[in-house]
Amino acid sequence: MPEQEIERTAFRTRLVGGVRGADVGSRMRLAGWVHRRRDLGGVYFVDLRDRSGLLQVSLGPEWTDAAGLDVTAGLGAEDVVVVEGTIRARPEANPELPTGEVELRAERIERLSRARTPEIPVYRSPEEELPSEELRLRHRVLDLRRPELQRALRLRHALVLAARNYMDGLGFVEVETPILTKPTPEGARDFLVPSRVHNGEFFALPQSPQIYKQLLMVSGFDRYFQIARCFRDEDLRADRQPEFTQIDVEASFVEVDDILRWMEGLMACLGEVAGIDAPTPFPRITWAEAMEQYGSDRPDLRFALKIQDWTEATRGVDFRIVRSAVEAGGRVRGVHVRGGARLSRREIEGVEAAAKAAGAPGLLWAKRTEETTSGTISKFLGSKELETLALAVGDLVFMAVGADVVTSPALSATRSAAAEAMALPLEREHAWAWVVDFPVFEDDGKGGLAAGHHPFVMPHPDDLDLLDADPLKVRGLAYDLVYNGSELGSGSIRIHEPDLQRRVLGLLGLSDEAIERKFGFLLEALGAGAPPHGGVALGMDRIVQRFVGAASLRDVVAFPKTTAARALFEGAPTRVDDSELVELGIRNVGADPASEPDQESV
């Protein structure tokens, strides 16, 4: 609803941000916070702020309300006031404010509450730096008054509302699934909740509504969605929180194309709300192609720099590092940066540092100028290699040698770092893509198999014969939505046949007893007659973060946790009395309760 149309209340006629020149002569009662007060020798100006913006309030020398003058003289930043008066044109307009043509000529002012001196500034000039994030999170109430945070949260509201309306238009029904659930392995640690009624037994907070939405499909709901709260006890980072919100979707009698088409329409709908271009249909790239060409299953397609395989081109190079890596079954891969010879040694070292941070022991590089070819591998490159690599004058190549599991993430980081160092022009501002055909299994590093996405992904029908013979080569009907190098969501067609589901769980190392204990209820439901079904989960927090260009999820969540998984404003988590633990059948065997936790960074 536009600000000017919000219903009036007992305290105010409207929000201040909607006042304009057309309102000159209108009497109004406005309320909000004191942004600042100025005393110009008996003439007071107060900048009144609410969620919609700022409006200047003036109190002239002709004022006869002595009590009101006393109130005005004593006003401090963030005091809450209500002001009555008449809208008039400002003698000197302020073009930087939407309300800059007008002001409220006050006739009465009342302070509703007094604020202490703010620990952090609510508004700042563009030249001023923000206080530390730790301080802002400790005083989150003040931090949330910042206009950029309020804009992000209001956009979030608009996006959630648009998502609900879009899904409803497709015939989806929103169903709330339980928050207290059964612990199940889904790839991350559960948050466990002890049961007071059943001592020694635990609920888990849901990592996702995955199993419940499959049960709803078996129940005949056909099309389900939910703006779902989910919880994962993982290490945090800028784009991860222990509790998060996702747009959760599941539908029956569908194939991959159905889900992808619906979600493309949803992204176009949300993009329209946020001013983000989302032309459909989105490109599709297989997981194998993404890893080969971009080194990542969430490639940033805004620039065209691709990874190339130079194993054959460098086979004759007499360089021990290259020769030993290839003999061990590895490859020589890299990126060719046109015009990259202009990068300085320091800039090249910056690219190398990015590759090392991604797990590579180092990078090989060579650049060619009019005078010479230089770099860590340049002296091993003859005219034949230079021709095969197409290393023209002015170009630069970066190489990584070894197993793909090492070189792919390193070259993905190299690609991004080189594009940034070169300031490569973006081919498109908004690069959407689906990455499809993910592997069903991955190596767990212990000689066994782990689920690539989760244990319920339907294997590609062409690969069913590989389940026992070569399970790591089995593709799944799984897909990720990628936007500008970030994964926004993940989904798949599910296994709807109980025998196949049991078989996949067995390949993941679960015994028959463990399968029954953990997933017996799901297998029983599938055996009741399950339709082919599939779905997707889109990260609402991450969508808002990417749409507003925020550096962290903490800028689009009202009350976030730090990277140390602490809520600084309310001081959580916290210790509880032993008496409460006894009632839950729990004994604290941790650190001394009297000790204070160390200060942890955000």
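Quick caveat: nothing in here was measured; it's all calculated off a predicted structure. (Residues numbered from 1 in each chain as written. Predicted model: local features only at pLDDT ≥ 70, side-chain atom pairs only at ≥ 80, totals over all residues. Heavy atoms only, no water.)

Student: So, the overall build of the protein: which residues are in play, and what are the values?
Tutor: A count of helices and strands for the protein gives 16 helices and 22 strands. The principal-axis extents of the C-alpha atoms in the protein amount to approximately 95 × 75 × 55 Å. In the protein, which comprises 602 residues, the proportion classed as buried is 46%. Looking at the protein alone, contacts between residues at least 24 apart form 68% of all its contacts between residues at least 6 apart. When the accessible area of the protein is evaluated, it comes to approximately 29600 Å², of which 51% is carbon and sulfur surface. With 73 positive and 95 negative side-chain charges, the protein shows a separation of 4 Å between the mean positions of the two kinds. (Helix = DSSP H or I, 4+ residues; strand = E, 2+ residues; numbered from the N terminus. Buried < 20%, exposed > 50% of the residue type's maximum accessible area, 1.4 Å probe, protein only. Contact = heavy atoms within 4.5 Å. Areas by Shrake-Rupley, 256 points an atom, 1.4 Å probe, with all protein chains shown as cover. Lys, Arg positive; Asp, Glu negative; His and termini not counted. Charge placed at Lys NZ, Arg CZ, Asp CG, Glu CD.)

Student: Tell me about the pattern of salt bridges, and please be specific about residues and values.
Tutor: Across all of its chains, the model carries 46 salt bridges by this definition. A salt bridge links Arg 475 to Asp 463; its shortest N-O distance comes to 2.8 Å. Placement of Arg 475 in the loop between helix 12 (466–469) and strand 20 (478–483) and of Asp 463 in the loop between strand 19 (449–451) and helix 12 is noted, with a sequence separation of twelve residues between them. Note on Arg 475: relative accessible area 30%, which makes it partly exposed. Take Asp 463: its relative accessible area is 6%, and that puts it in the buried class. Each of Arg 136, Arg 140, Asp 143, Arg 146 and Glu 148 takes part in a single network of salt bridges with overlapping partners. (Salt bridge = Lys/Arg side-chain N within 4 Å of Asp/Glu carboxyl O.)

Student: Any chance you could break down the environment of Arg 232 for me, citing the residues and the numbers?
Tutor: With respect to the helices and strands, the residue Arg 232 is situated in the loop between strand 9 (223–231) and strand 10 (243–252). A residue is classified by how much of its surface remains accessible, and Arg 232, at 26% relative accessible area, is partly exposed. Residues Arg 232 and Pro 409, 177 residues apart in the sequence, show an inter-C-alpha distance of 24 Å. Those residues in contact with Arg 232, other than ones at most four positions away along the chain, are Ala 188, Arg 189, Phe 191, Gln 207, Ser 208, Pro 242 and Phe 244. A distance of 3.4 Å separates the side chain of Arg 232 from the backbone oxygen of Gln 207, its partner in a polar contact. (Polar contact = N/O pair within 3.5 Å; in protein donor to acceptor, adjacent residues only side chain to side chain.)

Student: Give me the side chain of Ser 408: which residues, what numbers.
Tutor: In this structure, Ser 408 sits in helix 11 (residues 404–422). Taking relative accessible area as the criterion, Ser 408 reaches 4% and is therefore assigned buried. For Ser 408, the side chain forms a polar contact with the side chain of Arg 333, separated by 3.0 Å.

Student: Describe the sheet that holds strand 12 (residues 307–309), with residues and values.
Tutor: Strands pair in a sheet through their backbones, by hydrogen bonds, and they do so in one of two ways: parallel or antiparallel. If you walk across this open sheet you meet the five strands as 12-13-16-14-15, and the pairing is antiparallel. Of all strands in the sheet, those bounded by a partner on one side alone are strand 12 and strand 15 (373–374). As paired strands, strand 13 (residues 331–337) and strand 16 (residues 396–402) are joined by seven bridges and run antiparallel to one another. Bridge pairing links Val 335 to Phe 398 in strand 16. (Pairing = 2+ DSSP bridges.)

Student: An account of the sheet that holds strand 1 (residues 27–39) is requested, with residue identities and associated values reported.
Tutor: Within the closed barrel, the five strands sit side by side as 1-2-3-5-4. Their pairing is mixed. Along the sheet, successive strands turn relative to each other by an average axial angle of 55°, direction set aside. Bridging between strand 1 and strand 4 (residues 80–89) involves seven bridges; their strand directions are antiparallel. Directly across from Gly 32, in strand 4, lies its bridge partner Val 81. (Axes fitted to C-alpha atoms, helices over the stretch in contact; angles between N-to-C directions.)

Student: Tell me about the nonpolar core, and name the residues and values.
Tutor: It is characteristic of soluble globular proteins that their nonpolar side chains tend to be buried jointly. Membership of the largest hydrophobic core comes to 66 residues, with the highest contact counts inside it found for Met 263, Leu 266 and Trp 432. Not counting residues up to four positions away in its chain, the partners in contact with Met 263 are Met 167, Val 249, Trp 434, Val 536 and Leu 538. In terms of nonpolar packing, the next biggest core, distinct from the first, is built from 21 residues, Ile 348, Leu 363, Ala 400 and Ala 417 among them. (Core = buried A, V, L, I, M, F, W, Y, C linked by side-chain atoms within 4.5 Å.)

Student: Quick rundown of a negative patch on the surface? Include the residues and the values.
Tutor: On the surface, a cluster of negative charge is contributed by Asp 577, Asp 578, Glu 580 and Glu 583. Considering the arrangement of structural elements, one finds Asp 577 in the loop between helix 15 (540–548) and helix 16 (578–583). (Patch = residues over 30% accessible without salt bridge, like charges linked within 9 Å, V, L, I, M, F, W, Y side chains within 5 Å.)

Student: Mind laying out the packing of aromatic side chains, listing which residues take part and the relevant values?
Tutor: Following the criterion strictly, the structure yields nine aromatic pairs and no others. Centre to centre, the rings of Trp 432 and Phe 547 are 6.4 Å apart; their planes meet at 80°, and the pair counts as edge-to-face. A residue pair is termed long-range when its members are at least 10 positions apart, and Trp 432 in strand 17 (residues 432–436) and Phe 547 in helix 15 qualify at 115 residues. As far as burial versus exposure is concerned, Trp 432 and Phe 547 are alike and both buried. (Phe/Tyr/Trp six-rings, centres within 6.5 Å; stacked < 30°, edge-to-face > 60°.)

Student: Any details on the packing of helix 9 (residues 345–357) against helix 11? Residues and values, ideally.
Tutor: In a packed pair of helices, the relevant descriptors are the angle between the two axes and the axis-to-axis distance. Here helix 9 crosses helix 11 at 150°, and the two axes come no closer than 8 Å. Viewed along their axes, helix 9 and helix 11 adopt a mutual orientation that is roughly antiparallel. Note on packing geometry: the crossing formed by helix 9 with helix 11 is right-handed. Facing Glu 347, Val 351, Ala 354 and Ala 355 of helix 9, the residues of helix 11 in contact are Ala 410, Ala 413, Thr 414, Ala 417, Ala 418 and Ala 421. (Parallel < 35°, antiparallel > 145°, perpendicular 65-115°, else oblique. Left-handed = near helix turned anticlockwise from the far one by under 90°.)

Student: Account for the packing of helix 4 (residues 147–169) against helix 6 (residues 256–274), naming residues and giving values.
Tutor: Contact geometry of helix 4 with helix 6 gives a least axis separation of 9 Å together with a crossing angle of 145°. In this structure, helix 4 crosses over helix 6, and the sense of that crossing is right-handed. Of the residues in helix 6, those in contact with Leu 155, Ala 158, Leu 159, Ala 162, Ala 163, Tyr 166 and Met 167 of helix 4 are Arg 261, Trp 262, Met 263, Gly 265, Leu 266, Cys 269, Leu 270, Val 273 and Ala 274. The class makeup of the residues in the contact of helix 4 with helix 6 is 14 nonpolar, one polar and one charged. (Nonpolar A, V, L, I, M, F, W, Y, C, P; charged D, E, K, R; others polar.)

Student: I'd love a proper account of the environment of Gly 585, names of residues and values included.
Tutor: Mapped onto the elements of the fold, Gly 585 is located in the segment after helix 16. Sequence separation between Gly 585 and Val 82 is 503 residues, and the spatial gap between their C-alpha atoms is 53 Å.

Student: Mind laying out the pairing of strand 2 (residues 44–50), listing which residues take part and the relevant values?
Tutor: Most of strand 2 sits out of view: seven of its seven residues are buried. Residue alternation in strand 2 divides its side chains into two sets, Tyr 44, Val 46, Leu 48 and Asp 50 and Phe 45, Asp 47 and Arg 49, and both sets are buried. The pairing of strand 1 with strand 2 spans six bridges and is classified as antiparallel. Looking at strand 2, one finds that Val 34 is bridged to Leu 48.

Student: Summarise the environment of Pro 242; cite the residues concerned and give the values.
Tutor: Examined against the element boundaries, Pro 242 turns out to sit in the loop between strand 9 and strand 10. Once the C-alpha coordinates of Pro 242 and Phe 231 are considered, the two residues, eleven residues apart in sequence, prove to be 5.5 Å apart.

Student: Describe unusual backbone geometry, naming the residues involved and giving the relevant values.
Tutor: Cis geometry is found at the peptide bond from Thr 280 to Pro 281, where omega equals 0°. Tracing the backbone shows Pro 281 in the loop between helix 6 and strand 11 (284–286). A cis amide bond links Ala 572 to the next residue, Pro 573, at an omega of 0°. Among the secondary structure elements, Pro 573 is positioned in the loop between helix 15 and helix 16.

Student: Give a description of a nonpolar patch on the surface that names residues and reports values.
Tutor: Together, Val 141, Phe 559 and Phe 569 give the surface a local cluster of nonpolar side chains, amounting to about 280 Å² of exposed area. Mapped onto the elements of the fold, Phe 569 is located in the loop between helix 15 and helix 16.

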